[in-house]
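# Architecture at a glance
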Amino acid sequence: MGTLAGYCMKTTRSLGKQRPEDGAELEAARRELRVLQQRFRSIVERTADGILVVDGDGVIRFANGVAAQLFGAEDLVGTHFGTPLSSDSLEVDIVRGGGPAVAELRVMDTEWEGEPARIVSLRDVTDRKNAEERDRRLLAEQIARSRAEETARRASLLSEASRRLASSLDLEATLGTVISLVVDEFADFCILDLVLGDTVKRQVAAAGNDERSRRLEDAARFPLDVDADTPQGRAFRDCEPLHVPEVTEEWLRSATTGEDHLRAAMGLGTRSLVFVPIYTGRDCLGVLTAGRWEDSPPFDEQDFHFATELGERAALAMENARLYQAAESANRAKTNFLSVMSHELRTPLSAIIGYTDLMDRGIVGEVGEQQARFLGRIRASSNHLLQIIEEILAFASTEAGEGTVDAEPTTMDHVIDGVLTVAEPLAHDKPVDFIVEVDDPGLQLVTDARKVRQILLNLISNAFKFTTEGEVRLHAGSEGSQAVFEVSDTGVGIPEERLEKIFEKFWQAEDPMTRRAGGTGLGLAVARSVAELLSGSLDVRSIEGEGSVFTLRIPLDARA
């Protein structure tokens, strides 16, 4: 077989006249050849690889059993191999009865029956290829899962960042939250510059040891110059984030403003940087600089996008905090103005009321009936104006957070007597009865009696304003540890959809141009605020066209 068979044939043709001893030698050679052929076949058949012998025309001259099984054919000898052969190892696809397979093909030159041929080794690598494909798919799934988990983690971090940033309207606290989020979640250090007019407010934070914090402080002493050709300056002016994956000395030279600045920046030992403008869509409030030390991995694109997203949320929170501060400042200015003006108005008004009382008593001369009537109107108008001023003063006090409770022992009849002194004249010139009911006049209270009277007088005054006939009733009693006061009327009532609006500042139940009753729209708002200051509550229930009931509840002992 093969080269050995060719050798046998050549040996036979070279014989001339045979001698007996030559015949014995020939027979011995043939036996040896048959042994070698049998050994060759045994070796080839036992090998795990498919073995083919292909001649120069591509025809298969020999195939072992493994090759036949690989191709799914009983006899391959005499068929064309069909694949160009080269000395390179390659993989070929094979279609067999059990489905597609992949074989690793190797070629070696040889002779077959005296002619040039090639031994083709075919190893079935289908299982290995399938395993590799499974490994590739598993790796791709793991990568996809890892990316999805990282995306979910970043989304969760941004959600938590939004929650933390929204938890305060204090600008200082917001700045601290921003730099804390940056250092806690993805950076080694952070510098936050907030531009406030012509000044720049800077905060820094660093992870790591005290030495690194010291170096950061040293580098951060060079202030942000919004007009300089530096990364921070460009980020502020262009409102565009900047990513520096690898910080080099050459880059640092272009990013600093002088030799001292360069030395401090180089001493910081920065590997990677991100610059994010704090941009609200209208104004740039500042620049957030996040960095990683030289022994940390550089910022990648995901880090850059995360920093940008965080910058957008920080911008919103800082803008809200800034606007809140501006609103608080404006509110304080308004409150101070109201307080000053109210005091200035009350002083001459008190004089008017005082001189009116002197004239009404005849101190400066006899008062006629018509004069007394006019003086009464002056007094009533003055008292009404004084009540409005008191409302404004109370409003200014509660708005400024300056309300205090001066709790002292008192009795229910003492509180009610102080209310009646001012409230009884309100019923004059109206067909309205004023009814007062006190369950226990001697009931002991520890409270701020002046503030309780202020609330009740406001409620009674409102009741008379909106009641043209019928009655206004004040009932005082107690329930458990609370004193309970109810002011009810038979007036116009309040539509259900307006029941809570009446406690809003400056809200009027009637159109300002056509309303029948005067007032600032502050009375009920101030009354509820004072009630809450007393650790109590003020509620209302009403039926339109039938009347309203206001209920004030306060602790019997404000010290409890």
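Described below are features of the structure shown in this document. (Residues numbered from 1 in each chain as written. Predicted model: local features only at pLDDT ≥ 70, side-chain atom pairs only at ≥ 80, totals over all residues. Heavy atoms only, no water.)

This part takes up the pattern of salt bridges. Within this structure, the stated rule accounts for 28 salt bridges. Put simply, Arg282 and Glu319 hold a salt bridge, and the shortest N to O gap is 3.0 Å. On the criterion of sequence distance, the pair formed by Arg282 in the loop between strand 9 (270-279) and strand 10 (284-293) and Glu319 in helix 10 (residues 301-360) is long-range, its members being 37 residues apart. Its relative accessible area of 56% is what places Arg282 among the exposed residues. By relative accessible area, which is 7% here, Glu319 ends up buried. The partner of Lys451 in a salt bridge is Asp448, with the nearest N and O atoms 3.2 Å apart. What makes Lys451 buried here is its relative accessible area of 8%. For Asp448, a relative accessible area of 4% puts it in the buried group. Members of the salt-bridge network, linked through shared partners, are Glu104, Arg106, Arg128, Lys129 and Glu132. (Salt bridge = Lys/Arg side-chain N within 4 Å of Asp/Glu carboxyl O. Helix = DSSP H or I, 4+ residues; strand = E, 2+ residues; numbered from the N terminus. Buried < 20%, exposed > 50% of the residue type's maximum accessible area, 1.4 Å probe, protein only.)

The next subject is the pairing of strand 15 (residues 482-489). Counting buried positions over the eight residues of strand 15 gives six, a clear majority of the element. Sheet analysis places strand 14 (residues 470-479) next to strand 15, joined by eight bridges and oriented antiparallel. Bridge assignment links Glu479 to a residue of strand 15, and that residue is Gln482. Linking two consecutive strands that pair antiparallel, namely strand 14 and strand 15, is a turn of two residues; a positive phi of about 60° is found at Gly480 within it. Examined bridge by bridge, strand 15 and strand 17 (residues 547-555) share seven bridges and lie antiparallel to one another. By the bridge assignment for strand 17, Glu486 is matched with Thr551. (Pairing = 2+ DSSP bridges.)

The strand order 7-6-10-9-8 describes an open sheet built from five strands, whose pairing is antiparallel. At either margin of the open sheet sits one strand with a lone partner, and together these are strand 7 (199-206) and strand 8 (242-244). Across the sheet, the mean angle from the axis of one strand to that of its neighbour is 10°, orientation sign disregarded. Here strand 9 pairs with strand 10 via nine bridges, running antiparallel. In the strand pairing of strand 10, Pro277 is matched with Val287. Packing of helix 6 (residues 210-219) onto the sheet brings it into contact with strand 6 (189-196), strand 7 and strand 10, and relative to strand 7 it is tilted by some 165°. (Axes fitted to C-alpha atoms, helices over the stretch in contact; angles between N-to-C directions. Contact = heavy atoms within 4.5 Å.)

Another aspect to go through is the packing of helix 12 (residues 412-423) against helix 13 (residues 449-465). In the contact formed by helix 12 and helix 13, the axes pass within 9 Å of each other and the chain directions differ by 40°. The orientation of helix 12 relative to helix 13 falls into the category oblique. Viewed along their axes, helix 12 and helix 13 form a crossing whose handedness is right-handed. When helix 12 is examined against helix 13, the residues His414, Val415, Gly418, Val419, Val422 and Ala423 are found in contact with a partner set consisting of Ala449, Val452, Arg453, Leu456, Leu457, Ile460 and Phe464. In terms of residue class, the contact of helix 12 with helix 13 is built from ten nonpolar, two polar and one charged. (Parallel < 35°, antiparallel > 145°, perpendicular 65-115°, else oblique. Left-handed = near helix turned anticlockwise from the far one by under 90°. Nonpolar A, V, L, I, M, F, W, Y, C, P; charged D, E, K, R; others polar.)

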